[in-house]
Amino acid sequence: MTDRRIAPPQPNAETEHYWTEAAAGRLVVKTCHDCGQAHHYPRALCPHCFSPNVDWIACTGRGEIYSFSVMRRAGPPYAIAYVRLAEHVSLMTNIIDCDLDGIRIGQAVEVVFKASDGGPPVPMFRLSARSAPAG
Amino acid sequence: MTLRGQACIAGIFEHPTRLAKDKSLAQLHAESARGALLDAGLTKADVDGYFCAGDAPGLGPLSMADYMGLKLRHMDATDVGGSSYILHVAHAAAAIAAGKCNIALITLAGKPRSDKIVPGQGAAMLSAASPDVAFEAPFGPAIVNMYAMCAMRHMHEFGTTSEQLAWVKVAASHHAQHNPNAMLRDVVTVQEVVESPMIADPLHRLDCCVISDGGGAIIVTRPEIARSLSRPIVSLRGAGEAVKHTMGGQIDLTYSAAAWSGAAAFTEAGVTPADMQYASIYDSFTITVVMQLEDLGFCAKGSGGAFVADGNLISSVGRLPFNTDGGGLCSNHPANRGGLTKVIEAVRQLRGEAHPAVQVPSCALAVAHGTGGSLGTRHASATAILERV
């Protein structure tokens, strides 16, 4: 339902694995073996403790909406959001495949990958069945 | 060392244009510079320090020094978006205190209105080399929907309402009716704001600032030089700058870097928000003002909506007169960067040169505060406490 052009991400040496996993339908984030904290977007050095001892972990793909806004200015409306993942890290995304007027902060969501315009697919989120609005 | 009392603002000029199809970008910078020099009673030959940001054409200070014919011994092109010029005032004061220059010129100009530039789509913000771009651009971040997410979270956590946000615009419009250069001079009501078209929930069209051409300039100099000139003396009493970002995925949209830049500025100045008789607050959107007033300490976190309501920001009506030129919400927003005009109106208030209908009586202490970048991702804050001496 996203008629909007999805700008293609440009992977680089630091982020290539993230996009390879995305192409396989898997969401990953970086976590730090020294301080134990996850981070996003992925970096070669932990932004919390600056350790290079970081590695990829697979995400459950589940989280909840931290904030959102439905853009209504031009073209088809779309919902931008920050989703807080179960792995305690937030990412910018879109909420899709739902009634945009029914989106609320705190709703449970799950990842779904959507094609970008000539680049790797990107992680978007839809409402989890247990949080779908009644009716 | 402290910056307190080390430098004065000796000249200001706000370009009157709001649509400059007949002027070049460099010309707008230079006309603004000339206006500020005339205001100060100085000449171009007196300028030995120059400050500009990303809105300046070409290689910034190099291209503009060439265009204006400046001979410089100090320059600074720190670009932190719309807050740059407030930060430049402090950097100019530091350079003056260090003996690196005597007369510092700061300029801003832009033509987003005549060039039909969409805010947030500038080349710099979308550089593919910027490490965040691949993880944000696919999802359609504009400026307005990023600030809208801040507003949405603020409403969720603190119960802030659209009507409370609207009061910020209402106050700006009350001031803009007295500014003949303002783009929007009609006084609006809370109802008109909340009934204007929704742009990005929960921000309506009238929650957003204008898109205008224009520019401005500031002259900063050492106190002994300022005293030798004929203009009222406005001294920098304290300053602070800070940056806040997505914190590695721990983003918190409820506060801004003003919490840090404001604290540093008030500490250096030895005053408190309660001492401020006037406030210039960057007003890219209504929510920007509410969050920054909280973070600067004018009210408790979460109570900004109640603080701005019922005309509390309207000069001669409320407790804290703000943006008495109409601000970005009503007057202008040159280069989509609102910091420099915030300093200018604060200086007008301290000189007693604001419009009589909005002039704060015996205004002796004021704050000029701005944000640059996006409160929804990464932004800088700059705060300057200014004093009439």
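In this text, all values refer to a predicted model and were calculated from it rather than measured experimentally. (Residues numbered from 1 in each chain as written. Chains lettered and ligands numbered in written order. Predicted model: local features only at pLDDT ≥ 70, side-chain atom pairs only at ≥ 80, totals over all residues. Heavy atoms only, no water.)

Enquirer: Please provide a residue-by-residue account of the overall build of chain A, values included.
Expert: Helix and strand content of chain A: one helix and eight strands. Its helices and strands in sequence order give chain A the pattern α-β-β-β-β-β-β-β-β, from N to C terminus. For a compact globule of 135 residues, the expected C-alpha radius of gyration is about 14 Å, and chain A comes in at 15 Å, within 12% of that figure. Judged by the C-alpha coordinates and their principal axes, chain A covers about 45 × 30 × 25 Å. Taking all 135 residues of chain A together, 52% fall into the buried category. Of the contacts formed within chain A by residues at least 6 apart in sequence, a portion of 49% connects residues at least 24 apart. Charged side chains of chain A number 13 positive and 13 negative; the gap between the two group centres comes to 5 Å. (Helix = DSSP H or I, 4+ residues; strand = E, 2+ residues; numbered from the N terminus. Rg over C-alpha atoms; globule rule 2.2 N^0.38 Å. Buried < 20%, exposed > 50% of the residue type's maximum accessible area, 1.4 Å probe, protein only. Contact = heavy atoms within 4.5 Å. Lys, Arg positive; Asp, Glu negative; His and termini not counted. Charge placed at Lys NZ, Arg CZ, Asp CG, Glu CD.)

Enquirer: How would you summarise the pairing of strand S1 (residues 8-14) of chain B if you had to cite specific residues and measurements?
Expert: Within a regular beta strand, the side chains point alternately toward one face of the sheet and then the other, so they alternate between its two faces. Residues and elements named next belong to chain B. Most of S1 sits out of view: six of its seven residues are buried. As paired elements, S1 and strand S8 (residues 234-244) share two bridges and run antiparallel to each other. Of the residues in S8, the one forming a bridge with Cys8 is Ser235. Where S1 meets strand S7 (residues 214-221), six bridges bridge the pair, whose relative direction is antiparallel. Bridge assignment links Gly11 to a residue of S7, and that residue is Ile219. (Pairing = 2+ DSSP bridges.)

Enquirer: Residue-level account of the pattern of salt bridges, with values.
Expert: All names here are of chain B. In the structure shown here, the tally under the stated rule is 24 salt bridges over all chains. Here Glu14 and Arg18 are joined by a salt bridge, their closest N and O atoms 2.7 Å apart. Between Asp55 and Arg337 there is a salt bridge, with the nearest N and O atoms lying 3.8 Å from each other. Highlighted residues: Asp55 in the loop between strand S2 (49-51) and helix H2 (61-68) and Arg337 in the loop between helix H11 (327-330) and helix H12 (339-351), separated in sequence by 282 residues. Exposure class is identical for Asp55 and Arg337. Each is buried. (Salt bridge = Lys/Arg side-chain N within 4 Å of Asp/Glu carboxyl O.)

Enquirer: Got a sec to walk through the sheet that holds S1 of chain B? Specific residues and values, please.
Expert: Residues and elements named next belong to chain B. As summarised here, the arrangement of the nine strands in space is S3-S2-S4-S7-S1-S8-S11-S10-S9, forming an open sheet in which the pairing is mixed. Two strands close off the open sheet at either side, each with one partner strand: strand S3 (74-76) and strand S9 (278-281). Sheet twist, expressed as the average angle between the axes of neighbouring strands with direction ignored, equals 20°. (Axes fitted to C-alpha atoms, helices over the stretch in contact; angles between N-to-C directions.)

Enquirer: Please set out the environment of Val289 of chain B residue by residue, giving values where relevant.
Expert: Residues and elements named next belong to chain B. Along the chain, Val289 turns up in helix H9 (residues 286-296). Given the relative accessible area of 0%, Val289 is considered buried. Considering only alpha carbons, one finds Val289 and His369, 80 residues apart in sequence, at a separation of 9.9 Å.

Enquirer: Please give an account of unusual backbone geometry that cites residues and values.
Expert: The residue after His40 of chain A, namely Tyr41 of chain A, is reached through a cis peptide bond having omega -5°. You can see Tyr41 of chain A is positioned in the loop between strand S2 (38-39) and strand S3 (54-58). With an omega of 0°, the peptide bond running from Asp201 of chain B to Pro202 of chain B counts as cis. Relative to the helices and strands, Pro202 of chain B is located in the loop between strand S5 (198-200) and strand S6 (203-204). Here the phi dihedral of His88 of chain A falls at roughly 65°; this positive angle occurs in a residue that is not glycine. Relative to the helices and strands, His88 of chain A is located in the loop between strand S5 (78-85) and strand S6 (90-95). Here Ser316 of chain B, not a glycine, exhibits a phi torsion of approximately 70°, which is positive. When its relative accessible area of 70% is taken as the criterion, Ser316 of chain B is described as exposed.

Enquirer: Go over the packing of aromatic side chains, please, and point to the residues and values.
Expert: Counting across every chain of the model gives seven aromatic pairs over all chains. Ring geometry for Tyr18 of chain A versus Phe135 of chain B: centroids 5.0 Å apart, planes at 75°, classification edge-to-face. Taken as a pair, Tyr18 of chain A in helix H1 (residues 16-23) and Phe135 of chain B in the loop between strand S4 (103-110) and helix H4 (143-158) lie in two separate chains rather than in one. Across the pair, Phe135 of chain B and Tyr18 of chain A agree in class, each one buried. The ring centre of Tyr78 of chain A lies 4.3 Å from the NZ or CZ of Arg4 of chain A, which sits over that ring. The ring of Trp56 of chain A is capped by Lys30 of chain A, whose NZ or CZ atom sits 4.6 Å from the centre of that ring. (Phe/Tyr/Trp six-rings, centres within 6.5 Å; stacked < 30°, edge-to-face > 60°. Lys NZ or Arg CZ within 6 Å of the ring centre and 35° of its normal.)

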